[in-house]
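Working through the structure, step by step
Each chain, letter by letter, is given below.
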Amino acid sequence: MGLGRCFVAAFAVLAVACGGSSAEPGDAATPQIPAVTFFDVSGSSPVAVTQMLWADALDIRVTGLAPLAQATVTARFTGWGASATFAADENGGVDLATSAPLSGSYAGADADGIVWSMTPSTSPDDPKDDPFALRLSVDVDGATVATGQLERLAVTGDVTCRDVTDGGLVGYYCAKSGAPRGAIVTFGGSEGGLSSGKSQAMYFASLGYPSLGLAYFGAKGLPSTLDEVPLEYFSTAFDWVAAQPEVAPGKLAVVGGSRGGELALLLGATFSNVTAVVAELPSGIVWPGWSDWAIAPAWTYQGQPIAYLPSSSMAESNVTEPDGVVAMSERAAFVADIAAASPADLDAATTRVEKTNGPILMFGGASDELWPSCDLAGYAKTRLDAAGHTSKYGDTLVCYPDAGHDVYAFNVGVPTTSAMHVLDGTSQLALGGTAAGISHAARDADDRERAFFAANL
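Residues numbered from 1 in each chain as written. Predicted model: local features only at pLDDT ≥ 70, side-chain atom pairs only at ≥ 80, totals over all residues. Heavy atoms only, no water.

**Focus on the overall build of the protein**
Stated precisely, the cut-off is as follows: In DSSP terms, a helix is any run of H or I states spanning at least four residues, a strand is any run of E spanning at least two, and both are numbered starting from the N terminus. Atoms counted for the radius of gyration: C-alpha only. Globule rule: 2.2 Å times the number of residues to the power 0.38. We call a residue buried when its accessible area falls under 20% of the maximum for its residue type, exposed when it is over 50%, and partly exposed in between, using a 1.4 Å probe and counting protein chains only. The contact rule is simple, with two residues in contact once any of their heavy atoms fall within 4.5 Å. Using the Shrake-Rupley algorithm and a 1.4 Å probe, accessible areas are obtained, with residue cover drawn only from the displayed protein chains. Note that His is not counted, nor are the chain ends; the positive residues are Lys and Arg, and the negative ones are Asp and Glu. The atom standing in for a charge is NZ when the residue is Lys, CZ when it is Arg, CG when it is Asp and CD when it is Glu.
Within the protein one finds nine helices and 27 strands. Rg of the C-alpha trace for the protein: 23 Å, near the compact-globule value of 23 Å for 457 residues, within the 12% margin. If you line up the protein on its principal axes, its C-alpha atoms span 80 × 50 × 45 Å. Looking at the protein residue by residue over its 457 residues, the buried ones come to 56%. Considering only contacts within the protein whose residues lie at least 6 apart along the sequence, 69% involve residues at least 24 apart. Put simply, the protein shows about 18,100 Å² of open surface, and 54% of that area lies on carbon and sulfur atoms. Charge centroids of the protein, computed over 22 positive and 49 negative side chains, lie 6 Å from each other.

**Observations concerning the state of the cysteines**
Counted only if it meets this: When two cysteine sulfur atoms lie within 2.5 Å, the pair is treated as a disulfide.
Throughout the structure, instances matching the rule amount to two disulfides. Here Cys161 connects covalently by a disulfide to Cys174, the sulfurs 2.1 Å from one another. Since a negative S-S torsion denotes a left-handed disulfide, the Cys161-Cys174 link at about 115 degrees is right-handed. Pair noted here: Cys161 is in strand S13 (residues 159–164) and Cys174 is in strand S14 (residues 171–176), with a separation of 13 residues, a long-range link. For Cys161, a relative accessible area of 25% corresponds to the partly exposed category.

**Here's the deal with the environment of Ala242**
Mapped onto the secondary structure, Ala242 falls in helix H3 (residues 232–242). Residue Ala242 is classed as exposed on the basis of its relative accessible area, which comes to 56%. Sequence separation of Ala242 and Phe271 is 29 residues, and the distance between their C-alpha atoms is 14 Å.

**Some points on the side chain of Glu321**
Here is the rule: When a carboxyl oxygen of Asp or Glu lies within 4 Å of a side-chain nitrogen of Lys or Arg, that pair is called a salt bridge. Here a polar contact is recorded for every N or O atom pair within 3.5 Å, except that within protein the pair must consist of a potential hydrogen donor and a potential acceptor, and residues adjacent in sequence are included only if both atoms are side-chain atoms.
Examined against the element boundaries, Glu321 turns out to sit in the loop between strand S22 (317–320) and strand S23 (326–329). Among buried Asp, Glu, Lys and Arg side chains, Glu321 stands out as unpaired, with Arg331 the closest opposite charge at 11 Å. Polar contacts involving the side chain of Glu321 include one to the main-chain amide nitrogen of Gly432, which spans 3.2 Å. In this view, Glu321 contacts Ala327, Met420, His421, Ala430, Leu431 and Gly432; residues no more than four positions away in its chain are not counted.

**A closer look at the sheet that holds strand S3 (residues 47–48)**
How we decide: Only strands that DSSP links by at least two bridges are regarded as paired with each other.
The strand order S3-S2-S5-S8 describes an open sheet built from four strands, whose pairing is antiparallel. Strands with a single pairing partner mark the edges of an open sheet, and in this sheet they are S3 and strand S8 (94–95). Pairing of strand S5 (residues 58–63) with S8, which is carried by two bridges, proceeds in the antiparallel orientation. Bridge pairing in S8 links Arg61 to Asp95.

**Concerning helix H4 (residues 259–270)**
Selection rule: Helices are assigned an expected span. That span is 1.5 Å times one less than the residue count.
For H4, spanning twelve residues, the distance from its first C-alpha to its last is 16 Å, which sits close to the expected 16 Å at 1.5 Å a residue. Across the twelve residues of H4, eleven count as buried, placing the element largely inside the fold.

**What to know about the sheet that holds strand S17 (residues 229–230)**
Ordered in space as S17-S20-S21, the three strands form an open sheet in which the pairing is mixed. Lying at the two open borders of the sheet, with one neighbouring strand each, are S17 and strand S21 (304–305). Both S17 and strand S20 (residues 299–301) contribute to a ladder of two bridges, which runs parallel. What sits directly across from Pro230, in S20, is Thr300.

**Describing the pattern of salt bridges**
If you walk through the whole model with that rule in mind, you get twelve salt bridges. With its nearest N and O atoms 3.3 Å apart, the salt bridge here joins Asp112 to Arg443. With Asp112 in the loop between strand S9 (103–104) and helix H1 (113–116) and Arg443 in helix H9 (residues 435–456), this residue pair connects regions lying 331 residues apart in the sequence. Between Arg383 and Glu354 there is a salt bridge whose closest N-O contact spans 2.8 Å. With Arg383 in helix H7 (residues 373–386) and Glu354 in the loop between helix H6 (343–349) and strand S24 (360–365), this residue pair connects regions lying 29 residues apart in the sequence. Residue classification places Glu354 among the partly exposed positions, given a relative accessible area of 25%. Each of Asp347, Arg352, Glu354 and Arg383 takes part in one network of salt bridges that share partners.

**Considering the nonpolar core**
The test is simple: Put simply, a nonpolar core is a bunch of buried Ala, Val, Leu, Ile, Met, Phe, Trp, Tyr and Cys residues held in one set by side-chain atoms that sit within 4.5 Å of each other.
Tyr216, Phe234 and Trp299 are the most contacted members of the largest nonpolar core, which totals 53 residues. When residues of this core are assigned to their parent elements, the largest contribution, six residues, is made by H3. Ala71, Leu96, Val140 and Leu150 belong to the second-largest nonpolar core, a separate cluster that totals 30 residues.

**A closer look at unusual backbone geometry**
For Leu281, which is not glycine, the phi torsion reads 50 degrees and is therefore positive. On the basis of relative accessibility, which here comes to 0%, the residue Leu281 falls in the buried class.

**Digging into the packing of aromatic side chains**
What counts is decided by this rule: Centres within 6.5 Å make a pair out of two Phe, Tyr or Trp rings, where for Trp the six-membered ring is used; the pair is then stacked when the planes are under 30 degrees apart, edge-to-face when over 60, and tilted otherwise. Look at NZ for Lys and CZ for Arg. If either is within 6 Å of the ring centre and within 35 degrees of the ring normal, a charge sits over the ring.
For the structure shown, the criterion picks out 18 aromatic pairs. The interplanar angle of 45 degrees and the centroid separation of 5.8 Å between the aromatic rings of Tyr216 and Trp299 together place this pair among those described as tilted. Highlighted residues: Tyr216 in the loop between strand S16 (211–214) and S17 and Trp299 in strand S20, separated in sequence by 83 residues. Under the relative-accessibility criterion, Tyr216 is labelled buried at 4%. By relative accessible area, which is 1% here, Trp299 ends up buried. Clustering of aromatic rings is evident, with ring pairs tying together Trp54, Tyr203, Phe204, Tyr209, Phe452 and Phe453. Across from the ring centre of Phe77, 4.4 Å away, lies the NZ or CZ of Arg152, which sits over that ring. Here the guanidinium or amino end of Arg259 rests over the ring plane of Trp290, the centre of that ring lying 5.8 Å away.

Just distances and angles here, no functional claims.
Printed below as a string of structure tokens:
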């Protein structure tokens with residue numbers, strides 16, 4: 001890399017304070033002082049920064065070391081930490097994006113490695129003043145020679161947010177002032193509530209798109225469980241968003257993951273004012289609701305249940321994740337339900353995604369242990385291809401080989417060493433993938449989503 005790519009680390013909500021200084025090039029008489037520097041490379045040229053939106057890609061470099069010196073770089077934010085040892089180049093520099101560590105918490109050159117490889121930490125050196133801050137230190141021969149800190153922003157300062165309760169909605173709306181742009185309606189999956197939609201609305205608005213995060217069950221005034229959720233609720237949300245002064249007419253994207261990805265595909269197929277769909281780890285097959293998995297519909301429209309695939313398989317099993325945790329995998333149950341279904345039932349439960357009035361972007365994890373997301377998204381992609389929708393709109397399905405059920409764009413710049421499983425009550429539920437695979441997939445997914453929004457909103 002040349003001077004065009006300075007020092008960066010991809011980390012959710014980052015900011016930087018660089019320490020030290022360096023001598024002018026060619027001034028051999030003045031010793032250099034080691035320094036940690038963070039640069040924003042999201043624009044046309046890198047810019048040194050002290051704060052940054054958490055998911056922006058960064059380039060982190062250490063300068064001013066002795067040529068070929070071995071230096072240990074330690075990264076921390078509250079509750080997490082990682083370290084790796086590098087050999088400086090002939091100019092006394094270490095570029096975390098191009099330098100493979102000699103040893104440490106990850107292997108191979110990886111701009112995100114020092115962050116995704118973090119494990120839980122109780123170090124007194126963890127940043128306490130800002131729980132989102134990323135702090136780096138550089139040690140040579142047991143002594144700290146440089147430090148740097150980057151503030152990670154959950155939402156940029158030019159975004160205004162407010163709660164939304166109009167028309168029975170449970171939402172959180174965020175937008176910047178300025179020329180109207182296409183809007184995003186975003187929501188979570190089977191976790192319910194507003195937290196996922198809220199955090200995503202802040203993020204997408206920080207990227208410049210007016211965004212409404214929605215709860216659709218598990219919140220006051222809404223169904224308590226994922227059962228009989230009326231799609232008309234989302235139509236109300238679309239009309240509300242279209243009336244906001246920051247929103248350009250005729251451009252509306254929906255974004256959801258897992259069961260929310262299933263929902264995103266349904267909304268695109270049902271409402272013509274949806275002009276773009278992002279479905280993360282989705283299913284092109286509709287599944288039942290929660291209260292009675294075999295016979296309860298998850299979704300309704302015009303007072304009728306949306307057809308779903310009956311599910312009765314108990315083909316669950318324990319798997320050992322790469323970090324040694326034994327967790328329950330539900331993947332086989334979905335595979336068994338599909339195999340047991342009649343062709344007519346399977347067809348009836350498959351979403352008519354080809355009716356969508358715009359492009360569809362989908363992501364899946366080939367190592368998904370919660371459900372076979374690549375295969376389930378494949379049902380949607382097959383219909384899109386056969387109907388000529390892909391030829392018209394450029395629909396995309398990306399299946400990441402070492403990723404599981406946690407390949408959301410929100411996993412960029414955060415530790416993924418525990419992202420292979422999640423505590424479900426008292427049991428560990430398997431999600432699959434590897435820490436590195438999840439991080440790399442999430443980075444790619446985030447890049448693709450940003451490009452998708454730029455092209456369609």
